[in-house]
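# Residue-level structural notes
Below, each chain spelled out in residue letters.
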Protein chains: 2
Amino acid sequence: MKYAKIPEITIHRLSLYARQLALLDMNNVKVISSVDIAEACGVNSAQIRKDLAYFGEFGVRGIGYYVRDLLFELRKILGLNQEWRLGLVGVGNLGAALLRHAVFLKRGYTFVKAFDQDPKKIGSQIGNLVIDPVGKMENEIEKAGIDIGVIATQSQMAQECTDILIRAGVNGVLNFAPIQLKTPPHVHIENVDFTLKLDALCYKLTAESKAPF
Amino acid sequence: MKYAKIPEITIHRLSLYARQLALLDMNNVKVISSVDIAEACGVNSAQIRKDLAYFGEFGVRGIGYYVRDLLFELRKILGLNQEWRLGLVGVGNLGAALLRHAVFLKRGYTFVKAFDQDPKKIGSQIGNLVIDPVGKMENEIEKAGIDIGVIATQSQMAQECTDILIRAGVNGVLNFAPIQLKTPPHVHIENVDFTLKLDALCYKLTAESKAPF
């Protein structure tokens with residue numbers, strides 16, 4: 001199966017489906033139709049069938065999908081059937097909130113290291129994690145076997161910290177800093193940029209008020 | 001100009017360009033070529049010219065773009081040449097971090113109200129804002145002239161709070177809760193869903209390790 005050829009938006013939707021299925025499973029729902037998953041995820045059911053078809057046959061004719069089975073398959077496809085070890089860089093307000101956010105743990109993501117450059121923060125503890133100095137990052141990241149680096153520094157620090165992560169062997173970066181990071185082709189970056197999302201909202205609200213129709 | 005017909009991804013990039021231009025302007029750069037903006041934003045220069053062409057002629061042949069002029073125009077297009085009033089719903093770790101995040105103010109976004117349902121939080125203060133009870137939300141949102149609601153509640157509360165925002169006349173919602181909100185067609189939603197982004201990273205890292213090439 002040529003995983004690499006699957007459209008990015010399909011992966012995004014698989015992740016949405018998995019989230020919805022996990023909710024259904026928690027509520028003891030055993031079987032669901034593609035129409036019902038579709039409605040809950042805000043897509044159409046033909047789309048779901050098409051997205052799943054990249055990976056095989058999952059539905060049962062006349063029945064629908066077995067919730068737990070499909071969830072298991074989706075988690076396997078997405079690579080979520082394993083623990084992922086995260087390293088946080090930048091323990092400001094946002095970084096600290098991320099460390100405390102229950103949503104990560106619920107999905108198998110564990111912060112195993114946190115770094116900051118502020119001497120007042122270094123050595124202090126959030127949950128089980130003691131904050132390490134950025135200066136020790138390269139070494140510590142390698143030792144801890146971090147899979148994914150989470151950048152929550154200020155913009156000016158983000159590139160430098162990303163470079164260190166990459167030198168330490170990290171190939172995946174979740175970036176919260178409002179800046180475009182430059183990385184080699186083998187490194188995957190996802191940007192969580194809420195000011196861009198806000199700008200998009202403003203554009204839509206403004207465009208409507210200007211539109212002649 | 002039919003604003004409503006512009007592709008979403010173009011708006012996203014305009015916002016990126018504006019961010020880059022603001023940085024250049026801060027560093028006193030007066031003129032820039034499309035090639036240089038392109039490189040900084042990680043797109044190609046033909047793309048920039050195409051994106052801008054939806055809105056008019058901005059470059060000067062043989063010179064490039066005047067940084068401050070183009071920034072002014074982009075901010076006007078995006079609707080960022082005005083103050084936007086935000087109301088936060090849910091002052092947990094993430095919500096509190098958002099209230100304290102400098103990036104909003106820098107871009108003309110002001111939190112003017114914050115709501116929570118926890119009696120221990122109601123009445124307490126973050127920055128200049130006193131946290132109001134969710135029960136008073138509908139009334140307070142209307143009085144305060146909120147343009148955009150920011151949902152940072154737990155998933156279970158997100159839909160209910162969004163419904164209240166909409167009843168109070170809010171047409172734009174920035175949603176941080178990991179759930180698909182259901183809203184009428186006139187309401188614009190942008191989801192900031194970092195677990196979906198993490199899932200996408202995991203998929204890519206997993207797919208690579210499985211790929212036969």
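Residues numbered from 1 in each chain as written. Chains lettered and ligands numbered in written order. Predicted model: local features only at pLDDT ≥ 70, side-chain atom pairs only at ≥ 80, totals over all residues. Heavy atoms only, no water.

### Quick notes on a nonpolar patch on the surface
Residues and elements named next belong to chain A. Condition: Surface patches are defined over residues having more than 30% relative accessible area and no salt bridge, joining like charges when they lie within 9 Å and nonpolar side chains (Val, Leu, Ile, Met, Phe, Trp, Tyr) when within 5 Å. Where accessible areas are quoted, they stem from the Shrake-Rupley method and a 1.4 Å probe; at the residue level, only the protein chains shown are allowed to cover. When a carboxyl oxygen of Asp or Glu lies within 4 Å of a side-chain nitrogen of Lys or Arg, that pair is called a salt bridge. Secondary structure is summarised from DSSP: a helix means a run of H or I of at least four residues, a strand means a run of E of at least two, and numbering begins at the N terminus for each. Buried residues are those whose accessible area, probed at 1.4 Å on protein chains only, stays under 20% of the maximum for their type, while exposed residues exceed 50% and partly exposed ones sit between those limits.
Residues V31, V60, I63 and Y66 make up a contiguous nonpolar surface patch of roughly 290 Å² in combined accessible area. Turning to its location among the elements, Y66 is positioned in strand β2 (residues 65–66). Of the residues examined, Y66 reaches a relative accessible area of 37% and is grouped as partly exposed.

### Focus on the environment of A:V89
Residue and element names in this part refer to chain A. Put simply, the test is: The contact rule is simple, with two residues in contact once any of their heavy atoms fall within 4.5 Å.
Looking at the element boundaries, V89 is found in strand β3 (residues 84–89). Expressed as a C-alpha distance, the spacing of V89 and L165, which sit 76 residues apart in the sequence, is 9.2 Å. Among all residues touching V89, those that are not within four sequence positions of it are F115, M137, V150, I151, A152, T153, C161 and L165.

### With respect to the packing of aromatic side chains
Heads up, the condition is: In summary, the pairing rule links any two rings of Phe, Tyr or Trp, Trp by its six-membered ring, whose centres are within 6.5 Å, and it sorts them by plane angle into stacked for under 30 degrees, edge-to-face for over 60 and tilted for everything else.
By the definition in use, this model includes eight aromatic pairs over all chains. Centre to centre, the rings of A:F194 and B:F176 are 5.5 Å apart; their planes meet at 65 degrees, and the pair counts as edge-to-face. Taken as a pair, A:F194 in helix α9 (residues 194–210) and B:F176 in the loop between β8 (172–175) and β9 (188–191) lie in two separate chains rather than in one. Here the two residues A:F194 and B:F176 agree in accessibility, since each one is buried.

### Overview of the relation of the copies chain B and chain A
Note the following rule: Least-squares superposition of the copies uses the C-alpha atoms of those residues scoring a pLDDT of at least 70 in each of them.
Mapping chain B onto chain A leaves a residual RMSD of 0.0 Å; the transformation is a rotation of 180 degrees accompanied by 0.0 Å of translation along its axis. Taken together, the rotation angle and the small translation identify this as a two-fold axis. Residue by residue, 100% of the interface of chain B is reproduced at the interface of chain A, so both copies engage with the same surface.

### Some thoughts on the domain arrangement of chain A
Under the convention used in this document: Where each domain begins and ends follows an automated or database-derived domain assignment.
Each domain of chain A was delimited in the assignment, giving domain 1 (3–78) and domain 2 (84–196). Here the C-alpha centroids of domain 1 of chain A and domain 2 of chain A sit 30 Å apart.

### Some remarks on the interface of chain B and chain A
The criterion, for reference: Here the quantity called buried area is the total loss of accessible area, with a 1.4 Å probe, experienced by two parts when brought into contact, counted for both.
Listed per partner, the contact involves 66 residues of chain B and 66 residues of chain A. When chain B packs against chain A, close to 6200 Å² is buried across both sides, 67% of that on carbon and sulfur atoms. Linking chain B with chain A are eight salt bridges. Close ionic contact of A:E190 with B:K204 constitutes a salt bridge, the shortest N to O distance being 2.7 Å.

### Brief notes about the sheet that holds strand β3 (residues 84–89) of chain B
Neighbouring strands of a sheet are bound in pairs by backbone hydrogen bonds; such pairs are parallel or else antiparallel. All names here are of chain B. As a reminder, the rule being used: In this description, strands pair whenever DSSP reports at least two bridges between them.
A sheet is described by the order of its strands in space; here seven strands give the open sequence β5-β6-β4-β3-β7-β8-β9, paired in mixed fashion. The open sheet is flanked by β5 (125–126) and β9, the only strands paired with a single partner. The pairing of β5 with strand β6 (residues 129–133) spans two bridges and is classified as antiparallel. Directly across from Q125, in β6, lies its bridge partner V130.

### Considerations on the sheet that holds strand β4 (residues 109–116) of chain A
Residues and elements named next belong to chain A. Cut-off, in case you're wondering: Lines fitted to C-alpha atoms define the axes here, with helix axes fitted over just the stretch in contact, and angles between the N-to-C directions of these axes take values from 0 to 180 degrees.
Overall, mixed pairing links the seven strands, which are arranged β5-β6-β4-β3-β7-β8-β9 in an open sheet. With partners counted over all chains shown, the strands left at the sheet margins are β5 (125–126) and β9 (188–191), one partner each. Across four bridges, the pairing between strand β7 (residues 148–151) and strand β8 (residues 172–175) is parallel. What sits directly across from V150, in β8, is L174. This element, helix α7 (residues 137–144), spans β3, β4 and β6 (129–133) of the sheet and lies at about 165 degrees to β4.

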